[in-house]
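So you can see what is in the structure, the chains are spelled out below.
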Amino acid sequence: MGEAELHIVLLGGPGSGKGTQAVHLVKRFGLVHISTGEILRAAVAAGTAVGREAQHFMDAGELVPDELVIRLVRERVVQPDAQRGFLLDGFPRTLSQAERLDVMLLDVGCTLSHAILLDVPEEELIVRLAGRRLCRMCARGYHLRFNPPVLQGVCDRCGGELYQRDDDNEATVSNRLAVYREQTEPLIDYYERSGLLRRVAGADRGPDEVFLCVEQILTPAAGAA
Ligand code: AMP
C-alpha cells in the first residue's frame, strides 16, 4: 500500500452525520467506505456467525468486542479496491481500537492520513437520532424533520420502505451517547496528539456546507493554505 492515499478516520457521535458525509466523500475522492456499523448490520441481517455474536451487543447499544471489529476491518482494508484509499466510519470507537488500528495498518503497509471530527453537541444528536430513518433497500438516510422523503415512509430514490434502526429507540440512544462520551471521546485527544485531528463544526448548518469544509481539508492545495 502506498503512503500518499487518503486513509481517513471519521469521528463523531451517533447522529453527527458520519454516514451522510461518508457517502459524499467516497464518491468525491474515490475511496472505499468501511462502516463497521453497516458491516455488522448486514451480518446480523444475514444471520452469519459474526452477526449472531454481535447482535445482543448492538441491540443494547453496547460496543461489540474489539477482536471482532478489528478482524472485520483488517479483512476489508486488504482488499484490492481499498488500495486506492479508504474511509473508516464508526471505527475506531475506543482507545484500544485506535492503538490496534495503528499496529494493524503498519502491518499491512500503510498509515492514517487524517482523523476528521464532526463536532455536534449532544442535545442536537438526540433530536437527530429520534427522527432518523433509513431505506431498507438502498440504505439511503432521511430525517422526518430535516430531510423528509417526498412520500411518507417511502424512499425517494428506489421506492423502498423506510424504517427506524432498532438501536435508534430512546433507551438505546441514551446508552449509545454515554458509550460515545466515555469510550470514543478520548480518541479526540489521541488523534490530536498524533497531529491527525481536524475538527469540523457539524451543527447549525446543512450537510452540503459541512461537506465543503471536509473537502477543503482533504484537497491538498486548499488544505495547505
Ligand atoms: P453505528 O452504525 O456506527 O452507529 O454502529 C451501530 C452499532 O454497531 C454500535 O452501537 C455497536 O454496537 C456496533 N459497532 C459499530 N462499530 C463498532 C466498533 N468500532 N466497535 C464496537 N462496536 C461497533
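Every chain's residues receive numbers from 1 upward, in the order its sequence appears when written. Confidence filtering applies because this is a predicted model: local features only for residues at pLDDT of at least 70, side-chain atom pairs given and counted only at 80 or more, and all residues used for totals across whole chains, interfaces and linings. Side-chain figures throughout are based on the complete set of non-hydrogen atoms in the structure, without hydrogens or water.

Peer 1: How should I be thinking about the nonpolar core in this particular structure?
Peer 2: Note that soluble globular proteins tend to have their nonpolar side chains buried in a common cluster. By convention a nonpolar core is built from buried Ala, Val, Leu, Ile, Met, Phe, Trp, Tyr and Cys residues, the set being connected through side-chain atoms within 4.5 Å. Exposure categories follow from relative accessible area, calculated using a 1.4 Å probe and restricted to protein chains: below 20% of the type maximum is buried, above 50% is exposed, and the middle band is partly exposed. Core analysis: the largest hydrophobic core is formed by 36 residues, its most contacted members being Leu40, Leu88, Leu101 and Tyr191. Sorting elements by how many residues they give to this core places helix H4 (residues 66-77) first, with 6 residues. Residues contacting Tyr191, with those up to four places away along its chain left out, are Val9, Leu11, Pro92, Ala98, Leu101, Leu112, Ala115, Leu196 and Leu197. With 17 residues, the next largest nonpolar core counts Leu6, Ala22, Leu118 and Val210 among its residues. Put simply, DSSP marks the helices as runs of H or I at least four residues long and the strands as runs of E at least two long, and each gets a number from the N terminus on. Residue contacts follow a heavy-atom distance rule, with two residues in contact if any of their heavy atoms lie within 4.5 Å.

Peer 1: Would you explain the site of the ligand in this entry?
Peer 2: Any residue with at least one heavy atom within 4 Å of a molecule or strand is counted as near it. Around the ligand there are 16 residues in total, and Thr36, Arg41, Glu62, Gly90 and Gln97 lie nearest to it. Polar contact criterion, stated in full: a pair of N or O atoms within 3.5 Å, where within protein one must be able to donate a hydrogen and the other to accept it, and residues adjacent in sequence count only if both atoms are side-chain atoms. The side chain of Arg176 places a nitrogen or oxygen atom 3.4 Å from an oxygen atom of the ligand. All accessibility values rest on the Shrake-Rupley procedure with a 1.4 Å probe; residue burial counts only the protein chains present in the view. Relative to its unbound accessible surface of 480 Å², the ligand loses 96% to contact with the protein. Taken together, the residues of the shell around the ligand break down into 6 nonpolar, 4 polar and 6 charged. Nonpolar residues are Ala, Val, Leu, Ile, Met, Phe, Trp, Tyr, Cys and Pro. Charged residues are Asp, Glu, Lys and Arg, and all others, Gly as well, are polar.

Peer 1: Mind showing me how you'd approach the sheet that holds strand S5 (residues 132-135) here?
Peer 2: The pairing of strands in a sheet comes from backbone hydrogen bonds and takes either a parallel or an antiparallel form. A pair of strands is treated as paired once DSSP finds two or more bridges between them. Within the open sheet, the 3 strands sit side by side as S6-S5-S7. Their pairing is antiparallel. Looking at which strands have only one partner, the edges of the open sheet turn out to be strand S6 (141-143) and strand S7 (162-163). Looking at chain direction, S5 and S6 are connected through 3 bridges and run antiparallel. Directly across from Arg133, in S6, lies its bridge partner Tyr142. Axis definition: a line fit to C-alpha positions, over the contact stretch in the case of helices; interaxial angles, taken between N-to-C directions, run 0 to 180 degrees. Where helix H6 (residues 122-130) meets the sheet, its contacts fall on S5 and S6, and the angle it forms with S5 comes to roughly 40°.

Peer 1: Looking at this structure, how should I read the packing of helix H1 (residues 18-29) against helix H9 (residues 207-218)?
Peer 2: Each pair of packed helices gets described by two things: the angle between the helix axes and the distance between those axes. Across the interface, H1 lies against H9 with an axial gap of 10 Å and an inter-helix angle of 45°. As summarised for this structure, H1 and H9 are arranged oblique, according to the angle between their axes. In the crossing of H1 with H9, the sense of the turn from one axis to the other is right-handed. Between H1, through Thr20, Gln21, His24, Leu25, Arg28 and Phe29, and H9, the contact on the second element is made entirely by Pro207, Val210, Phe211, Val214, Glu215 and Leu218. Residues that form the contact of H1 with H9 fall into these classes: 7 nonpolar, 3 polar and 2 charged. Each angle is binned into one of four classes, with values under 35 degrees roughly parallel, values over 145 roughly antiparallel, values of 65 to 115 roughly perpendicular, and all other values oblique. A crossing counts as left-handed when the near helix is turned anticlockwise from the far one by less than a right angle, and as right-handed when that turn is clockwise.

Peer 1: I'm lost on the packing of helix H2 (residues 36-46) against H4 in this one. Help?
Peer 2: Two numbers describe how H2 lies on H4: the axes approach to 11 Å, and their chain directions differ by 100°. By the angle between their axes, H2 is roughly perpendicular relative to H4. Within the contact between the two elements, H2 uses Thr36, Ile39 and Leu40 and H4 uses Leu68, Val69, Leu72 and Val73. Looking at side-chain class alone, the contact of H2 with H4 contains 6 nonpolar, 1 polar and no charged residues.

Peer 1: How should the pattern of salt bridges be read in this particular structure?
Peer 2: Opposite charge on two side chains allows them to pair when their charged atoms are near. The salt bridge criterion pairs a side-chain nitrogen of Lys or Arg with a carboxyl oxygen of Asp or Glu, the two atoms within 4 Å. Overall, the coordinates contain 14 salt bridges when judged by the stated rule. For Asp81, the salt bridge is made with Arg76, and the minimal N-O distance between the two is 2.8 Å. The partly exposed category is assigned to Arg76, whose relative accessible area is 24%. Among the salt bridges present, the one from Arg132 reaches Asp168, with a minimum N-O distance of 3.0 Å.

Peer 1: Can you walk me through the environment of Ala54 in this structure?
Peer 2: With respect to the element layout, Ala54 can be found in helix H3 (residues 49-59). For Ala54 and Ala43, which are 11 residues apart along the polypeptide, the C-alpha to C-alpha distance reads 8.5 Å.

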